[in-house]
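# Descriptive structure summary
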Amino acid sequence: QVQLVESGGGLVQARGSLRLSCAASGGTFSGYGMGWFRQAPGKEREFVGGISRIGGSTFYADSVKGRFTISRDNAKNTVYLRMNSLKPEDTAVYYCAVHHRGWATTNQNEYDYWGQGTQVTVSS
């Protein structure tokens, strides 16, 4: 069983920055792919980005590419989502998730464990 705890959310003005953290416990973090997703009010949860276990390769949704960066620190069992140039449309609850096969995909149904989410609100 893997537990995930997100933190770092909050209220920020447009064009500001935030860094979200997702701390994992249980399991072997270095062996997992990790994904970030978000859900805005009244909308379905959507993929934001992911990082693989091998080489730490990353990929992102087009809507955040060039603004968001995912990284991981296996020594701390933590994955990060650095968000720059935030826009009001980035307002959502952000979730991290574990892909136990070691890669990351856009398909949320492939993820095994989820955090409780952290709220990000971007004001205009």
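All of the points below concern the structure found in this document.

## Points about the overall build of the protein
The helix and strand tally for the protein stands at zero helices and 11 strands. Helices and strands appear in the protein in the N-to-C order β-β-β-β-β-β-β-β-β-β-β. In terms of overall dimensions, the protein is globule-like: its C-alpha atoms have a radius of gyration of 13 Å, near the 14 Å expected for 124 residues. The principal-axis extent of the C-alpha atoms belonging to the protein is close to 40 × 25 × 25 Å. The buried share of the protein, reckoned over its 124 residues, is 46%. Across the protein, contacts joining residues at least 24 apart in sequence account for 59% of those joining residues at least 6 apart. Total accessible area on the protein is roughly 6200 Å²; 45% of this is exposed by carbon and sulfur atoms.

## Let's talk about the packing of aromatic side chains
Evaluation of the coordinates by the stated rule reveals five aromatic pairs. Where F37 meets F47, the ring centres are 5.5 Å apart and the plane angle is 75°; that geometry is what we call edge-to-face. Taken together, the residues span a long stretch of sequence, with F37 in strand 4 (residues 33-39) and F47 in strand 5 (residues 46-51) at a distance of 10 residues. For the pair shown, F37 and F47 are each scored as buried. Taking 5.0 Å as the distance between ring centres and 55° as the angle between the ring planes, the aromatic pair formed by F37 and W114 counts as tilted. Of the two residues, F37 is situated in strand 4 and W114 in strand 10 (residues 113-114); the sequence distance between them amounts to 77 residues. Each residue in the set F37, F47, F59, Y111 and W114 is aromatic and connected to the rest through ring pairs, giving one cluster. Sitting over the ring of W114, R45 keeps its end group 3.8 Å from the ring centre. Above the plane of the ring of F29 lies R72, whose end atom (NZ or CZ) is 4.6 Å from the centre.

Reading guide: rules and limits
Residues numbered from 1 in each chain as written. Predicted model: local features only at pLDDT ≥ 70, side-chain atom pairs only at ≥ 80, totals over all residues. Heavy atoms only, no water. Helix = DSSP H or I, 4+ residues; strand = E, 2+ residues; numbered from the N terminus. Rg over C-alpha atoms; globule rule 2.2 N^0.38 Å. Buried < 20%, exposed > 50% of the residue type's maximum accessible area, 1.4 Å probe, protein only. Contact = heavy atoms within 4.5 Å. Areas by Shrake-Rupley, 256 points an atom, 1.4 Å probe, with all protein chains shown as cover. Phe/Tyr/Trp six-rings, centres within 6.5 Å; stacked < 30°, edge-to-face > 60°. Lys NZ or Arg CZ within 6 Å of the ring centre and 35° of its normal.

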